[in-house]
Amino acid sequence: MQAGSKPHDDRTGVSAIGGLGAQARGASGRLLPEIWMQDGAKGVEQALARLLCAEDDGETELMAAMRYATLHGGKRTRALLCLAAGALADTPAHVLEDVGAAIEMIHACTLVHDDLPAMDNDVLRRGLPTVHVKFGEATAILVGDALQAHAFLTLASLDAPGDNRIALVRELAQAVSAEGAAGGQAKDLSLVGKHVELDRIVAMHRMKSGALVRASVRMGALCAITEDAAHAALYSALDRYSACFGLALQVVDDILDATADAAALGKTPGKDAAAQKPTCASIMGLQAARQFALDLLRDAGEAIAPLGPRAEPLAQMLQRATAYLLKHAPCA
Ligand code: IPE
Ligand code: IPE
Ligand code: MG
Ligand code: MG
Ligand code: MG
């Protein structure tokens, strides 16, 4: 059977968070973030394992490398954002999990290519040797290519109406286009060794990382909510939320690159300074960058406040991101 057209298993229930299932709620009725995030990440990882599985005649090295790139760790932030936005409607769990898996495939593709010798030349990712170190550079390039294809195959084969599938494909393609992550990565490389103003770094961050975060949130909603005049306020709130979240995510990454150790990061620390990359942290200073990230996460919370209780999982994602920053970059 072709990848991307593999049937989902027999779970037919509404998403634990989409339907606000009882098992994810405490006695007070409050949604328990530790439960839905853990269950959600597990569901997405099961979808990844199913969608990226060996052909009948055995696993090729390429597929082994694709599984290595996607199934070994990662915070699953983008997939969880998709699930959290999916809670705005009653989207079935298996649909959200497949969409989350497609997003994680694309994210992994950007990481594998980001680590290549021609880009950041990194040897450690998620605590393991990077894909090109383990499998060779040619395979790493092909892993990125194939993960992109499998992500779009997954969306095209989704158990959802055609209009929704087209909207999702368009959204994800835009996020990695020349106006999104690919363009942002090109800007990132072009700024090496340069003294630049903060607004150019912010614009680059919005493209290289922010675009996929924005798509992750929007895709959770687009599974079930048409972007039309009746939902303009909702999508506008989500856009403000995701713009703040996406920028904060990269600012935090830049801070931790300068402050955390390899054990905490699962990546080589100090790479940005060594490669002479201007970052928010290098331009603003660490404390100001830290405050900038905290302010962005607070602004994101304000953006979704009017959306009511269904936006609780999105608010919990902000609490998670804030706790991550405070844990790994405590105030000096
Ligand atoms: C790393 O993203 C790359 C950036 C865009 C900052 P994450 O920090 O979300 O990486 P994983 O998925 O948890 O490994
Ligand atoms: C990468 O930014 C953003 C991507 C689009 C992959 P970084 O180069 O800072 O990410 P890390 O630090 O290697 O994860
Ligand atoms: Mg990079
Ligand atoms: Mg990098
Ligand atoms: Mg980084």
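The structure presented is a predicted model; accordingly, all values stated were derived computationally and were not measured.

### A look at the overall build of the protein
- Regarding its fold elements, the protein presents 15 helices and two strands.
- In summary, the protein has a C-alpha radius of gyration of 19 Å against a globular reference of 20 Å for 332 residues, a match within 12%.
- Seen along its three principal axes, the alpha-carbon backbone of the protein occupies a region of about 50 × 50 × 35 Å.
- Within the protein, buried positions represent 45% of all 332 residues.
- Sequence-distant contacts in the protein: of pairs separated by 6 or more residues, those separated by 24 or more amount to 74%.

### Considerations on the site of ligand 1
- Surrounding ligand 1, one finds Gly 74, Lys 75, Thr 77, His 107, Arg 126, Ser 209, Leu 249, Gln 250 and Asp 253.
- A per-element tally of the shell around ligand 1 places helix 10 (residues 232-259) first, with three residues.

### Quick look at the site of ligand 2
- Near ligand 2, the surroundings consist of Thr 110, Leu 111, Asp 114, Asp 120, Asp 122, Ala 181, Gln 185, Lys 208, Ser 209, Asp 253, Asp 257 and Lys 267.
- Every element with two or more residues in the shell around ligand 2 is listed here: helix 4 (93-115), helix 8 (181-190), helix 9 (198-222) and helix 10.
- Here the shell around ligand 2 takes three residues from helix 4, the largest share from any one element.
- The class makeup of the residues in the shell around ligand 2 is two nonpolar, three polar and seven charged.

### Here we look at the nonpolar core
- Ranked by size, the top nonpolar core spans 90 residues in total, and within it Val 99, Ile 106, Leu 147, Leu 172, Ala 248 and Ala 293 carry the most contacts.
- When residues of this core are assigned to their parent elements, the largest contribution, 13 residues, is made by helix 4.
- Once residues within four sequence positions are removed from consideration, Val 99 is found in contact with Cys 82, Leu 155, Leu 158, Leu 168, Met 219 and Cys 223.

### Quick notes on the packing of helix 4 against helix 9
- Viewed as axis vectors pointing N to C, helix 4 and helix 9 meet at an angle of 170°, and their least axial separation amounts to 10 Å. Of the possible angle classes, the one that applies to helix 4 and helix 9 is roughly antiparallel. Here Leu 96, Val 99, Ile 103, Ile 106 and His 107 of helix 4 come into contact with helix 9, specifically with Leu 212, Ser 216, Met 219 and Gly 220.
- Of the residues in the contact of helix 4 with helix 9, the class split is six nonpolar, three polar and no charged.

### Here we look at unusual backbone geometry
- A positive phi angle is found at Arg 76, which is not glycine, with a value near 60°.
- Unlike most non-glycine residues, Gln 276 shows phi in positive territory, near 55°.
- Mapped onto the secondary structure, Gln 276 falls in the loop between helix 12 (271-274) and helix 13 (280-284).
- Classification of Gln 276 by C-beta neighbours within 10 Å gives exposed; the count is 11.

### Some remarks on the packing of helix 3 (residues 77-86) against helix 9
- In contact at an axis separation of 6 Å, helix 3 and helix 9 are set at 35° when each is read in the N-to-C sense. In the crossing of helix 3 with helix 9, the sense of the turn from one axis to the other is right-handed. Packed against helix 3, whose contacting residues are Arg 78, Leu 81, Cys 82, Leu 83, Ala 84, Ala 85 and Gly 86, the element helix 9 presents Leu 212, Val 213, Ser 216, Val 217, Met 219, Gly 220 and Ala 221 at the interface.
- In terms of residue class, the contact of helix 3 with helix 9 is made up of 10 nonpolar, three polar and one charged.

### So, the confidence of the model for the protein
- In this model, the protein carries a mean pLDDT of 91, and residues with pLDDT of at least 70 account for 91%.
- Note that residues 1-16 has pLDDT below 50 and, in this model, 38 contacts with residues that lie over four places away or in other chains.

### As for helix 3
- For helix 3, a buried count of 10 out of 10 residues is recorded, marking the element as mostly surrounded by other parts of the structure.
- Inspection of helix 3 places Thr 77, Arg 78, Ala 79, Leu 80, Leu 81, Cys 82, Leu 83, Ala 84, Ala 85 and Gly 86 among the buried residues, and these make up the whole buried set.
- Where helix 3 is buried, its residues contact helix 1 (33-51), helix 4, helix 9, helix 10 and helix 15 (312-328).

### With respect to helix 6 (residues 137-156)
- For helix 6, which comprises 20 residues, the first-to-last C-alpha distance of 29 Å matches the rise-based estimate of 28 Å (1.5 Å per residue) to within 8%.
- Considered for burial, the residues of helix 6 that qualify are Thr 139, Ala 140, Val 143, Gly 144, Ala 146, Leu 147, Gln 148, His 150, Ala 151, Thr 154 and Leu 155.

### Quick word on the environment of Gly 270
- The topology assignment puts Gly 270 in the loop between helix 11 (262-265) and helix 12.
- Assessed through the 14 C-beta atoms surrounding it within 10 Å, Gly 270 is described here as partly exposed.
- The spatial distance from the C-alpha of Gly 270 to the C-alpha of Asp 254 is 9.4 Å, given a sequence separation of 16 residues.
- Contact partners of Gly 270, with chain neighbours within four places excluded, come to Asp 257 and Ala 258.

The rules we used
- Residues numbered from 1 in each chain as written.
- Chains lettered and ligands numbered in written order.
- Predicted model: local features only at pLDDT ≥ 70, side-chain atom pairs only at ≥ 80, totals over all residues.
- Helix = DSSP H or I, 4+ residues; strand = E, 2+ residues; numbered from the N terminus.
- Rg over C-alpha atoms; globule rule 2.2 N^0.38 Å.
- Buried ≥ 20, exposed ≤ 12 C-beta atoms within 10 Å, placed from the backbone.
- Contact = placed C-beta atoms within 7 Å.
- Near = placed C-beta within 6 Å.
- Nonpolar A, V, L, I, M, F, W, Y, C, P; charged D, E, K, R; others polar.
- Core = buried A, V, L, I, M, F, W, Y, C linked by C-beta atoms within 7 Å.
- Axes fitted to C-alpha atoms, helices over the stretch in contact; angles between N-to-C directions.
- Parallel < 35°, antiparallel > 145°, perpendicular 65-115°, else oblique.
- Left-handed = near helix turned anticlockwise from the far one by under 90°.
- pLDDT = per-residue confidence, 0-100.
- Expected span 1.5 Å × (residues − 1).

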